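Results of the structural survey
What follows is the residue order along each chain.
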Amino acid sequence: MAATFSITPIGAFSDNYIWLLHQGARAVAVDPGEAAPLLRHLAREQLTLEAVLVTHHHADHIGGLPELKQAWPDVVVYGPPGIAGVDVPLMEGDVVSLSMGQAQVLAVPGHTLDHLAYLLNEALFCGDTLFAAGCGRLFEGSPAQMLDSLKKLAALPPQTKVYPAHEYTLSNLRFALAAEPANPVLAMRQSRDQALRERGQPTLPSTLALEVASNPFLRCGEPGVRESLLRQGGQADEDETARFARLRDWKNRFG
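Residues numbered from 1 in each chain as written. Predicted model: local features only at pLDDT ≥ 70, side-chain atom pairs only at ≥ 80, totals over all residues. Heavy atoms only, no water.

If you check an unreviewed UniProt entry, the protein appears there as Hydroxyacylglutathione hydrolase from Chromobacterium paludis. You can read under Sequence similarities (unreviewed entry) in the UniProt record for the protein the words "Belongs to the metallo-beta-lactamase superfamily. Glyoxalase II family." Looking at the protein in UniProt, the text filed under Pathway (unreviewed entry) is "Secondary metabolite metabolism; methylglyoxal degradation; (R)-lactate from methylglyoxal: step 2/2." (UniProt positions renumbered as here; feature names shortened; annotations may be inferred.)

**Digging into the UniProt feature "domain: Metallo-beta-lactamase" (unreviewed entry) in the protein**
UniProt marks residues 15–166 with the feature "domain: Metallo-beta-lactamase" (unreviewed entry), using the numbering shown here. As annotated, residues 15–166 comprises 22% helix and 36% strand, and the C-alpha atoms at either end are separated by 5 Å. (Helix = DSSP H or I, 4+ residues; strand = E, 2+ residues; numbered from the N terminus.)

**Some details on helix α6 (residues 184–198)**
Think of an α-helix as turning once every 3.6 residues; residues three or four places apart then point the same way. With 15 residues, α6 should cover 21 Å at 1.5 Å per step; its first-to-last C-alpha distance of 22 Å lies within 8% of that length. Within α6, the full set of buried residues consists of L186, R189, D193 and L196. Around the axis of α6, the buried residues are gathered within 95 degrees of arc, so they sit on the same side. Exposed side of α6, more than 90 degrees from the buried face: P184, S191 and E198 are the residues found there. Summarising the contacts, the buried residues of α6 are in contact with α5 (169–179), β14 (206–207) and α7 (208–214). (Expected span 1.5 Å × (residues − 1). Buried < 20%, exposed > 50% of the residue type's maximum accessible area, 1.4 Å probe, protein only. Arc of directions from axis to C-beta. Contact = heavy atoms within 4.5 Å.)

**Regarding the pairing of strand β9 (residues 116–120)**
Within a regular strand, side chains alternate between the sheet's two faces. The buried count for β9 comes to five of five residues, which makes it a mostly enclosed element. By the alternation rule, side chains of β9 split into L116, Y118 and L120 and A117 and L119, which are all buried. As defined by bridge partners, strand β8 (residues 101–107) adjoins β9 across five bridges and the pair is classed as antiparallel. Paired with A107 across the bridge in β9 is L116. In the sheet, β9 pairs with strand β10 (residues 123–127) via three bridges, with the strands oriented antiparallel. Residue pairing across strands places L119 opposite L124, the latter belonging to β10. Here β9 folds back onto β10 in antiparallel fashion, the turn holding two residues, of which N121 has a positive phi close to 55 degrees. (Pairing = 2+ DSSP bridges.)

**Focus: helix α4 (residues 143–154)**
Here α4 is 12 residues long and its end C-alpha atoms lie 16 Å apart, about the 16 Å a rise of 1.5 Å per residue gives. M146, L147, S149, L150 and L153 are the residues of α4 that are buried. Down the axis of α4, the sector holding all buried residues measures 160 degrees, keeping them to one side.

**So, the nonpolar core**
Counting residues in each nonpolar core, the largest one holds 24 residues, and the members touching the most others are L124, L153, F244 and L247. Where this core is concerned, the elements lending two or more residues are β9, β10, α4, α5, α8 (223–231) and α9 (240–253). Element by element, the count of residues in this core is highest for α4, at four residues. Both domains that meet at this core, namely domain 1 (6–163) and domain 2 (168–253), each give it at least three residues. Listed in part, the 23 residues of the second largest apolar core include V28, V105, A123 and F125. (Core = buried A, V, L, I, M, F, W, Y, C linked by side-chain atoms within 4.5 Å. Domains from an automatic or database assignment.)

**Describing the pattern of salt bridges**
In this structure the tally under the stated criterion is 12 salt bridges. Of the charged contacts in the structure, one is a salt bridge between D193 and R192, with a shortest N-O distance of 2.8 Å. For R192, a relative accessible area of 35% corresponds to the partly exposed category. Salt bridges sharing common partners tie together E180, R219 and E222. (Salt bridge = Lys/Arg side-chain N within 4 Å of Asp/Glu carboxyl O.)

**Some details on the environment of L210**
Within the element layout of this structure, L210 appears in helix α7. Spatially, the C-alpha atoms of L210 and Q159 are 8.9 Å apart, while their sequence positions differ by 51 residues. If we ignore the near neighbours within four places in the chain, the residues touching L210 are V185, M188, R189, R192 and N215.

**A look at the packing of α5 against α9**
Where α5 contacts α9, the two axes come as close as 11 Å, and the packing angle between them is 130 degrees. Taken together, the axis directions place α5 and α9 in an arrangement best described as oblique. Once α5 is placed against α9, the crossing between them reads as right-handed. Residues N172, F175, A178 and A179 of α5 form the contact with α9, whose own contacting residues are L247, W250 and K251. Classifying every residue of the contact of α5 with α9 by side-chain character gives five nonpolar, one polar and one charged. (Axes fitted to C-alpha atoms, helices over the stretch in contact; angles between N-to-C directions. Parallel < 35°, antiparallel > 145°, perpendicular 65-115°, else oblique. Left-handed = near helix turned anticlockwise from the far one by under 90°. Nonpolar A, V, L, I, M, F, W, Y, C, P; charged D, E, K, R; others polar.)

Right under this line is the structure:
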């Protein structure tokens, strides 16, 4: 079923997005690391903030919660357990009832151990787990955990729209082209997304179909990626988890 609500990106810090879902006068914010830009948008559009969805505990995703709760005392904050300001702790398989629909909760550890993603109709809010043409750093989880989380997301319907929390697309595409230079989808993405950024527009959302076709972290078994990893010191008999770990380490060091 197609989404019946609107989704607006609200810029925060240098490259964060607070995603705002709104239907009529009701609104839900995802990962409000900064309150001020969100409060300005709500006031300008005369929207009522009914809920907040939090993906994980990093400050650039939850830093705005105290100010938002002061401005909107009735707002309900959903997210991982143990985060100050979360009213309703969630886990894999939970469902969040919002005015614009039912959000399915997916546990996607790797970037952090508590990381959640939210699937509402065909919109996936995946925080710092899956990026356009990339994935998050492994601050707490293992390569195996992150790979499993990415596979879980990649198994969702291909038309699912992907709403990560950062505008990292162009830098991710530079790495993706190094990892799989012969992939024609990457050249198309780079040209299109460079033009979007030059016009001051977001490169997001992506789709899962596009990510499966071009995101190297979802393509560790593809011949082009495997050849690149061999040139980075990999072994021909490495399993998928080892290839993923090598790819993530290469990205960490990539200029």
